[in-house]
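# Secondary and tertiary structure notes
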Amino acid sequence: MFIGHYSVSFALKKAEPETPLWTTLVGVQFVDILFMTFILFGWEKVRFVPGLTETNPYELYFMPYTHSLAATIGWSIFVFFAFKYVILRNKPYEEKTKNRISLGIGLSVFSHYFADLAMHTPDLPIFLDSGPKVGLGLWHYKWLSIFFESALTILGLVLYFRATSPGKDFAGKYGMQIFAVFLIVLAVLTPFLPPPQSIPEFSFEALFGYLLIATLGGWLDTKRIAKKKV
């Protein structure tokens, strides 16, 4: 799962329109950001096995610190408290709004495991690496994977556009629509792109992609007007 993760970011804007979109765009990929960093130091491990699945050649054989259910819960709680008591501490939001924003960002981190569950081969630990691992394996079916990611993204975008109104300038009126098309194109094209040739290349490409999407999406979100919750 890559682009499909962002569906949760857009949907959470509907749940709490005051949430800055960049926070959940980072949140849904938080454990992958950690993973891409950890593999550079050998703390978690991946190897490339051509033909492993129809969608990608990544054998993710050791990632208990980021992609286990237990770790995901832990990172979600950490992010919730970090936002509630540190990042949003002096922000001009009502306390209940701070709670909703922090909870939404925490849930964006938590969502990563369950989005991955549909796509991954059985490589997602529940507790430790030595225990049971799960994954429904949609990666074995390229076009089904593309459809699933694209459909999730479109659904999230529909909810996002219902939670916001166009701004006054070009970016506010049309920027997010262009960004939406960009994401759908990425969802379709990514399985056809040549795979990286090394772990550093894999890591840096992914980290650059996460940064680009969070930066662009976050900026375009500021050009739109969040609708107040009733």
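The paragraphs below set out a description of the structure included in this document. (Residues numbered from 1 in each chain as written. Predicted model: local features only at pLDDT ≥ 70, side-chain atom pairs only at ≥ 80, totals over all residues. Heavy atoms only, no water.)

## Section: the overall build of the chain
Along the chain, the regular secondary structure elements total 8 helices and 6 strands. Listed N to C, the secondary structure of the chain is α-α-α-β-β-α-α-β-β-α-β-α-α-β in terms of helices and strands. Against the 2.2 N^0.38 benchmark of 17 Å for 230 residues, the chain shows a C-alpha radius of gyration of 18 Å, consistent with a compact globule. Dimensions of the chain along its principal axes, counting C-alpha atoms only, are 50 × 35 × 30 Å. Counting every position in the chain, which comprises 230 residues, the buried fraction comes to 47%. Sequence separation of at least 24 residues holds for 68% of the intrachain contacts in the chain that already meet a minimum separation of 6. Approximately 11600 Å² of the chain is accessible, and the part contributed by carbon and sulfur atoms is 72%. Both charge centroids of the chain, one from 20 positive and one from 16 negative side chains, sit 13 Å from each other. (Helix = DSSP H or I, 4+ residues; strand = E, 2+ residues; numbered from the N terminus. Rg over C-alpha atoms; globule rule 2.2 N^0.38 Å. Buried < 20%, exposed > 50% of the residue type's maximum accessible area, 1.4 Å probe, protein only. Contact = heavy atoms within 4.5 Å. Areas by Shrake-Rupley, 256 points an atom, 1.4 Å probe, with all protein chains shown as cover. Lys, Arg positive; Asp, Glu negative; His and termini not counted. Charge placed at Lys NZ, Arg CZ, Asp CG, Glu CD.)

## Quick look at the nonpolar core
In this structure, Tyr6, Phe10 and Phe35 are the most contacted members of the largest nonpolar core, which totals 35 residues. Contributions of two or more residues to this core are made by helix 1 (6-15), helix 2 (21-27), helix 3 (30-41), strand 2 (58-62), helix 5 (95-119), helix 6 (142-163), helix 7 (170-189) and helix 8 (199-222). Apart from residues lying up to four places away in sequence, Phe10 is in contact with Leu21, Gly156, Leu157, Leu159, Tyr160, Met176, Phe179 and Leu183. (Core = buried A, V, L, I, M, F, W, Y, C linked by side-chain atoms within 4.5 Å.)

## A closer look at the pattern of salt bridges
Two side chains carrying opposite charge are able to pair once their charged atoms lie near each other. Tallied over the full model, the rule gives 6 salt bridges. Its salt-bridge partner being Glu95, residue Lys84 comes within 3.0 Å of it at the nearest N-O pair. Here the residue Lys84 occupies a position in helix 4 (residues 69-87), and Glu95 occupies one in helix 5, the gap between them amounting to 11 residues. For Glu95, a relative accessible area of 48% corresponds to the partly exposed category. (Salt bridge = Lys/Arg side-chain N within 4 Å of Asp/Glu carboxyl O.)

## Points about the layout of surface pockets
Estimated volume of the largest pocket: approximately 910 Å³. Mapped onto the lining of the largest pocket, the elements with two or more residues apiece are helix 3, strand 2, helix 6, helix 7 and helix 8. Ranked by the residues each element gives to the lining of the largest pocket, the list is headed by helix 8, at 8 residues. Looking at the lining of the largest pocket residue by residue, the class counts come to 25 nonpolar, 9 polar and 5 charged. (1 Å grid on protein atoms, 1.4 Å probe; cavity = no way out; pocket = protein on both sides within 12 Å on 5 of 7 lines; lining within 4 Å. Points joined across faces, edges and corners; volume = space filled by probe spheres on them. Nonpolar A, V, L, I, M, F, W, Y, C, P; charged D, E, K, R; others polar.)

## What about helix 8?
Between its first and last C-alpha atoms helix 8 spans 35 Å; for 24 residues at 1.5 Å apiece the expected length is 34 Å, and the two agree. Within the span of helix 8, buried status applies to Phe202, Ser203, Ala206, Gly209, Tyr210, Ile213, Ala214, Gly217, Gly218, Leu220 and Asp221. A distance of 3.3 Å separates the backbone nitrogen of Glu201 from a side-chain oxygen at the start of helix 8, and that oxygen is part of Ser198. (Expected span 1.5 Å × (residues − 1). Polar contact = N/O pair within 3.5 Å; in protein donor to acceptor, adjacent residues only side chain to side chain.)

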